Every structure is written in C-alpha cells, then in structure tokens.
There are 2 protein chains.
Amino acid sequence: MRSRLKLIVSYDGATFSGWQSQANRSTIQDRLETAFERICSEPIRVHGAGRTDAGVHALAQCAHADLPARRYTPDRWVSALNGLLPSAIRVMQCRFVSQEFHARFSARGKVYRYRIWNAAVLPPLESGRAWHVVRSLDFDRIAAAAQEFHGEHDFRAFSANRGTPESNTIRTIRAVRVRRAGPCISIDVEGDGFLYKMVRMMVGALERIGVNESSAREIKARLQSPPRSAISRGRTAAPADGLFLVRVRY
Amino acid sequence: MRSRLKLIVSYDGATFSGWQSQANRSTIQDRLETAFERICSEPIRVHGAGRTDAGVHALAQCAHADLPARRYTPDRWVSALNGLLPSAIRVMQCRFVSQEFHARFSARGKVYRYRIWNAAVLPPLESGRAWHVVRSLDFDRIAAAAQEFHGEHDFRAFSANRGTPESNTIRTIRAVRVRRAGPCISIDVEGDGFLYKMVRMMVGALERIGVNESSAREIKARLQSPPRSAISRGRTAAPADGLFLVRVRY
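What counts and how
- Position numbers for residues start from 1 in each chain and track the written sequence from start to end.
- As a convention, the first chain written is A and the first ligand written is 1, with the rest following in written order.
- A pLDDT threshold of at least 70 governs which residues receive local features in this predicted model, and a stricter bar of 80 or more applies before side-chain atom pairs are shown or counted, although totals over entire chains, interfaces and linings include all residues.
- Side-chain measures were taken over the full set of non-hydrogen atoms in the model, leaving aside hydrogen atoms and water.
- Defined by distance alone, a disulfide is two cysteine sulfur atoms within 2.5 Å.
- The buried label applies to any residue whose accessible area, calculated with a 1.4 Å probe on protein chains only, is under 20% of its type's maximum; exposed applies above 50%, and partly exposed to all values in between.
- By definition, pLDDT measures how confident the predictor is in each residue, and it falls between 0 and 100.
- Note: domain ranges come from an automatic or database domain assignment.
- Contact criterion: two residues are considered in contact whenever any of their non-hydrogen atoms come within 4.5 Å of each other.
- By definition, the buried area sums, over both parts, the 1.4 Å-probe accessible area that each loses when the two are put together.
- For this document, the term salt bridge refers to a Lys or Arg side-chain nitrogen within 4 Å of an Asp or Glu carboxyl oxygen.
- Distance and chemistry together define a polar contact, namely a pair of N or O atoms within 3.5 Å, with one atom able to donate a hydrogen and the other to accept it when in protein, and with adjacent residues in sequence counting only for side-chain atoms on both sides.
- Copy-to-copy alignment: least squares on C-alpha atoms, limited to residues at pLDDT 70 or above in both.
- Every axis corresponds to a line fitted to the C-alpha atoms, with the helix fit spanning only the stretch in contact, and the corresponding angles, defined between N-to-C directions, vary from 0 to 180 degrees.
- Numbering of helices and strands runs from the N terminus; a helix is a DSSP stretch of H or I covering at least four residues, while a strand is a stretch of E covering at least two.
- An angle counts as roughly parallel when it lies under 35 degrees, as roughly antiparallel when it exceeds 145, as roughly perpendicular when it falls between 65 and 115, and as oblique in every other case.
- Under the convention adopted here, Pro, Cys and the residues Ala, Val, Leu, Ile, Met, Phe, Trp and Tyr are nonpolar, Asp, Glu, Lys and Arg are charged, and Gly plus all remaining residues are polar.
- A pair of strands is treated as paired once DSSP finds two or more bridges between them.
- Definition of nonpolar core: a set of buried residues of the types Ala, Val, Leu, Ile, Met, Phe, Trp, Tyr and Cys, connected through side-chain atoms within 4.5 Å.

Undergrad: Would you take a moment to explain the state of the cysteines for this structure?
TA: As used in these notes, a disulfide is a covalent bond between sulfur atoms, one from each of two cysteines. Residues and elements named next belong to chain A. The full count for this structure, using the stated rule, is zero disulfides over all chains. In this structure Cys 94 is a free cysteine whose sulfur lies 10 Å from that of Cys 62, the closest cysteine sulfur available. Since its relative accessible area comes to 11%, Cys 94 is described here as buried.

Undergrad: Please clarify how the confidence of the model for chain A should be interpreted in this entry.
TA: Do not read the predicted coordinates in detail wherever pLDDT is low. For chain A, mean pLDDT is 93; residues scoring 70 or higher make up 97% of the total. Our summary of model confidence lists the complex with pTM equal to 0.92 and ipTM equal to 0.91.

Undergrad: What's the story with the domain arrangement of chain A in this structure? I'm lost.
TA: Residue and element names in this part refer to chain A. With domains assigned, chain A is organised as domain 1 (3-97) and domain 2 (109-249). For domain 1 versus domain 2, the distance between C-alpha centres works out to 27 Å. Residue-level contacts link 15 residues of domain 1 with 17 residues of domain 2. The junction of domain 1 with domain 2 conceals about 1200 Å² of combined surface from both sides, 54% of it contributed by carbon and sulfur atoms. If you look at where domain 1 meets domain 2, you find two salt bridges. In this structure, the salt-bridge partner of Arg 129 is Asp 12, at a minimum N-O distance of 3.7 Å. Across the domain 1-domain 2 interface, the total number found is eight residue pairs in polar contact (both at pLDDT 80 or more).

Undergrad: Is there a simple way to explain the relation of the copies chain A and chain B in this structure?
TA: With an RMSD of 0.0 Å, chain A superimposes on chain B once it is rotated by 180° and translated 0.0 Å along the axis. Considering both components of the superposition, the chain copies are consistent with a two-fold axis. Measuring from the rotation axis to each C-alpha of chain A, the shortest distance belongs to Leu 125 of chain A, at 5.3 Å. In this assembly the copies share their binding face: 100% of the residues contributing to the interface of chain A also contribute to that of chain B.

Undergrad: I tried to follow the packing of helix 4 (residues 198-210) of chain A against helix 5 (residues 216-224) of chain A on my own but got confused; where do I start?
TA: Packed helix pairs are specified by the crossing angle of their axes together with the interaxial distance, meaning the distance between the axes. All names here are of chain A. Running from N to C, helix 4 and helix 5 point in directions that differ by 150°, and their axes come no closer than 9 Å. By the angle between their axes, helix 4 is roughly antiparallel relative to helix 5. Together, Met 201, Ala 205, Leu 206, Arg 208 and Ile 209 of helix 4 and Ala 216, Glu 218, Ile 219 and Arg 222 of helix 5 make up the contact between the two elements. Taken together, the residues of the contact of helix 4 with helix 5 sort by class into six nonpolar, no polar and three charged.

Undergrad: Please explain the interface of chain A and chain B as it appears in this structure.
TA: Interfaces are often sized by the accessible area lost when the parts come together. Across the boundary between the two partners, chain A contributes 21 residues, which contact 21 residues of chain B. Across the chain A to chain B interface the summed buried area is about 1500 Å²; carbon plus sulfur atoms make up 69%. Ranking the residues of chain A by area buried against chain B places Val 121, Pro 124 and Leu 125 of chain A at the top, with a combined share of 46%. Here chain A is connected to chain B by two residue pairs in polar contact (both at pLDDT 80 or more). At the level of secondary structure, the elements contributing two or more residues to the side of chain A that touches chain B comprise strand 1 (3-11), strand 3 (57-67), helix 2 (74-84) and strand 4 (89-97) of chain A. For the side of chain A that touches chain B, the element with the highest residue contribution is strand 4 of chain A, accounting for four residues. Tallied by class, residues from the side of chain A that touches chain B come to 13 nonpolar, five polar and three charged.

Undergrad: Quick question: what am I supposed to make of the pairing of strand 1 of chain A here?
TA: Residues in a regular strand project their side chains so that they alternate between the two faces of the sheet. Residue and element names in this part refer to chain A. The element strand 1 is extensively covered by neighbouring structure, given that eight of its nine residues are classed as buried. In this structure, strand 1 lies alongside strand 3, joined through eight bridges in antiparallel fashion. Residue pairing across strands places Val 9 opposite Gln 61, the latter belonging to strand 3. The sheet contact formed by strand 1 and strand 4 spans eight bridges and is antiparallel.

Undergrad: Sorry, what's going on with the nonpolar core here?
TA: In globular proteins that are soluble, nonpolar side chains generally tend to be buried together. Counting 80 residues, the largest nonpolar core has Phe 36, Trp 77 and Phe 158 of chain B as its most contacted members. Per-element accounting of this core gives the leading share, eight residues, to helix 4 (residues 198-210) of chain B. Per-domain counts for this core show at least three residues from each of domain 1 (3-97) and domain 2 (109-249) of chain B. Once residues within four sequence positions are removed from consideration, Phe 36 of chain B is found in contact with Leu 5, Leu 7, Ser 41, Ile 44, Val 46, Ala 65, Leu 67, Trp 77 and Leu 81 of chain B. In terms of nonpolar packing, the next biggest core, distinct from the first, is built from 76 residues, Phe 16, Tyr 112, Leu 195 and Leu 223 of chain A among them.

Undergrad: How should I be thinking about the pairing of strand 5 (residues 109-118) of chain B in this particular structure?
TA: All names here are of chain B. Counting buried residues in strand 5 gives nine out of 10 residues, a clear majority hidden from the surface. With six bridges joining them, strand 5 and strand 10 (residues 243-249) adopt antiparallel strand pairing. Within strand 10, the position partnered with Tyr 112 by the bridge is Leu 245. Looking at chain direction, strand 5 and strand 9 (residues 184-191) are connected through eight bridges and run antiparallel. By the bridge assignment, Arg 113 is partnered in strand 9 with Asp 188. The pairing of strand 5 with strand 6 (residues 131-133) spans three bridges and is parallel. Residue pairing for strand 6: Asn 118 is matched across the bridge by Val 133.

As structure tokens, this is what we get:
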C-alpha cells in the first residue's frame, strides 16, 4: 500500500521551463521528481494540479505523489525535499491524503493573479514579476471591462492551441478583482478551470482597453461568437512574467 | 561649465558587490560609470548618497554626476542610461541640479527598511529579499524594543569597523516603524545618518529580543555605555538580503 502525499509548492518561474516535465529541460516537476527519487531510491511521479508556462510563478501550486512507505512525517517531507531543491522552488506544506484525492482531477477551481506595472521605468525588484506597460492605462476602463469575463462563457477566443485542441472550451469565472496600488495594477481571476494561455489573453485584451485601442464590447463579442478554432492570438497575450498561480481550490 | 545631474537609482542588490566601486568587482557605481562613459566618451565619476553592501537593495538610492554638456533632457538621460544598464539596475528619474547639490554631503537623512520572514519555509519569491527566521518571533516585544533606538544616541555598539574607525558615532533616529503583514515583519528606520552595518546590527539585536534571548534593556545598555571601539559584533548583524535603502532625504 503506497501513501499519497499532497504538496503545496511555491516557485519563482523565472529560471524554469515551466511546470511540466520535458526532455532535457529544467522544469519544476522534473526537479521535484529528482528530489523524491533521491530520497526514495526509485522513480516517483509527481502530479500537478495543472501546468504553468515558462516564467509563470506560483504562490501555491498543488501536487501529489504516491510514495513507497510513510517513512517521514509530513514536516520531515517538507524539509527533506527542500534540502534537495533549489531555493527558487519550495515545498511550503505536505500532508497525507486518501487515494481518492488527485491534484488535477479533484481541483474545483484556481485563482490566478496578474500584475501590470504601469510606469515609465520598471523597478529592478519588479523585473520578471510584472508586465511593464509604459503607455498610460485607464484603470477604470480596465476594472469595468474585466467584469465582462464574469460567469460561464466559451473562452475559445481567449486561448491558444497546445497540441490537440480542447474539446470543451466552456469555463466559469467566479470572480474578477482588479486593484491598484501606485503604479501596480493587480488582476485576480478565480475560475473552475483555465484554458491554455487564457489568463494572459484576458489580460492582453484588458491592456488594449486600458490604452483605448479596444473596448469592453470587443470582449463581449469574442465571448459570444468565439472563432471556430482557437487561433493563436499571440499578439494579445500578456507576457508570462506577470502571472502567478495563487491557489488551487479543492 | 559642466552640468550636474541628480539620479534616483533603484537596484536589486543580489548580484552585485554593493554600491561602491571596487577593482575587478561588479558594483552598481561601476555599472553606472561605465554607462556614462559610453555615452559621454570620457570617464565620469558618479557620487552616491552612501554605500550599500553586497546584497543590499535600493528602492531609491540617490547619486549625482557632472556631465560635459546638457546634451540630453533628463528623460533622455533616464532612457539612455537604462539602455546600457542591466535590468537589475534602473535609473528611475533624473534632473539637473545646481553645483551646490551633492548627493552625499547635502543628504539630511535616509530611510531604510528591513524585512524579516518569520515562518518555517521561505517562499521562493522572497528569497534574497528578506531574512528568513524560523524560530517564532514575539512581534510585540520587537515593536516595543525598537523604540529604544529613537532619538540621539552613540551607536558605536551598533556598528562594525570598515577600515578607519568613525570619529563621530552619534546619530539621530527620527522614526522607527515596525509592522507585520502575515509572516513578514518590516522595520522602517529613518535617521540623519547611519554607521557601517548599523541597521543590520539594530535588527540583529531586535531578533534576539524577539526569540526571548535578550531584552530592550540590553539595547538601552549598549546605547548608554558603548564599548571603546566598534568591536565587530558580526554575530548579531542581520544578513544583507533583508535590507532596502528606501529613500534619501535632502
């Protein structure tokens, strides 16, 4: 009987090729699996709640792994894993869960945060942690337009292709909160699930509204009449730097 | 007639050997002087308001430089310099000032912030930006003891030697503000000037009070009867990572 360990993982995405394991790339999943293997002396698969792209950060990604025996307490697992991981990845918490729990399939929702720094110069301590937008943004327009995303919609026009197209592109956004603190605009989005690059394409659309090149009606139109296939609208996707996975809800 | 340019400079101290120019080291002053030299085609000396050590950050360090001619507007200087600087150093603002202004000698005071992260695990996005203290800190004890620093004192016992000893070790602390946000304790200290490692030694003393190994009376005693010479009390100096130069007052 193997024990299932649930992990809360935080990382600075700047120096990794994203979450998901890739041949010859440095990913967060790879680093975690390597650490587990060194402790357990056998290959251990780590299942994440979802992928994050290169450069995307996580305050609390969630994952699970099936381990050969309860050799450690959860707190010991935290320190054993952190002792082998680079400081840009940290296991914040661990606990044993039942075999019914699955980091990906049990997830009921996620919260993402996107940070925009709207000023002439990006402070060095914000480098890699915010999208630097120099042109002046109309905060009120962004805050109002962001509410168009609220509710259940077909988000096909706010997604990019990743290999096989998603068969179901309907998602529900439960809350969108837009705040401002000095030059920093934070957009928190909570939903039952997210398509590939969805948050970044939502924020890309909001930025165009903020500089008056588009309006809330364009968001409404894209949600109401999504294109047949998820065309890669890369030009409207905000960069990875400003995106944070805040938490996964179960 | 040369023009004196005042600069507000922000930096992530993690990858630099501090502010002050050193042979064969990468310092912020060196990087700025190299950028000026490339633009002006002659060596330009940059004068900072004060040194910061390796690993110490600045939200708004202040500096000045005397330039051969007013070839650019202040905004052009900002973008020309930033175009040559690494993203970990940014000139936030520039303006021309009179020859009476001197970044160091005109300074009337400085504000420093020190950040302590008091939790079992340091989140990766806080790495290099806070002192990770695992043992539980008593916030109220720290906040109360910090007020002992308020006012004019001989801070010799809260300084380390750097080459020749300081002849005058009297400094005035105008304000100490201690705040808590979740596991983060921030200590803002405003004073007319600071001795070498002074803030880090003040915070080192406060941490010992927070874990109940010392008391506010020890701070009082060290301020009232400073040792003859500034002995290197390295063991009580908090690490550089958590220290931020917030602003320089003129």
